[in-house]
Amino acid sequence: MEKEIAKNDKPAKPSGYIFKNNFMLAITLLGGPITAGYIIACNFKVFGDAENEKRTWIYTGVLCVAIMIALYLLRNQEKFPPFLIPIIYSAIANSYMRATQHQKIEDFIKAGGQTQPIGHIIVAIVGGIIAFIGVVFAFLMIVL
């Protein structure tokens, strides 16, 4: 009788939805740095890591300001290819996510946790684009 009960006692399925790191580079290239911060922060929230969630938003803000300053300083540079900036911040975000969440993501999925549906990923990308355009517009209003 005790063996039957032990067989039926499965560990609880993790709650919440996470973003997998497989497509982080592409999502960040499409959605911008705010989308990257959102994805990483959402995963930390699901994992119950409030401190790293807060830290991620701080890093995201600093990165956005750094991007604005870099764009402003490089605006008249003819030799600097502008496509490098999105590649650089996407690589940074992808590396940060892999360094801090890769194992947690794998464990979460192995335990039966669910990943975000494609619709939520698309909404995150569009929302990130809109938010970043707002940040750029505000920066331009301050600088110009």
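Residues numbered from 1 in each chain as written. Predicted model: local features only at pLDDT ≥ 70, side-chain atom pairs only at ≥ 80, totals over all residues. Heavy atoms only, no water.

1. Describing the overall build of the chain
Helix and strand content of the chain: 6 helices and 2 strands. N-terminal to C-terminal, the α/β element order of the chain is α-β-α-α-α-α-β-α. Here the chain has a C-alpha radius of gyration of 19 Å; the compact-globule value for 144 residues is 15 Å, and the former is much larger. In terms of overall dimensions, the chain has C-alpha extents of about 75 × 25 × 25 Å along its principal axes. Looking at the 144 residues of the chain, the share that counts as buried comes to 30%. For the chain, restricting intrachain contacts to residue pairs at least 6 apart in sequence, the fraction spanning at least 24 positions comes to 78%. Of the accessible surface of the chain, which amounts to about 9,400 Å², a share of 67% is contributed by carbon and sulfur atoms. Each charge class in the chain was averaged separately, 13 positive and 9 negative side chains, and the resulting centres sit 6 Å apart. (Helix = DSSP H or I, 4+ residues; strand = E, 2+ residues; numbered from the N terminus. Rg over C-alpha atoms; globule rule 2.2 N^0.38 Å. Buried < 20%, exposed > 50% of the residue type's maximum accessible area, 1.4 Å probe, protein only. Contact = heavy atoms within 4.5 Å. Areas by Shrake-Rupley, 256 points an atom, 1.4 Å probe, with all protein chains shown as cover. Lys, Arg positive; Asp, Glu negative; His and termini not counted. Charge placed at Lys NZ, Arg CZ, Asp CG, Glu CD.)

2. Looking at the side chain of Asn-94
For Asn-94, the location among the structural elements is in helix 5 (residues 84-110). Non-local contacts of Asn-94, meaning those with residues more than four positions away in its chain, are made with Asn-21, Met-24 and Leu-25.

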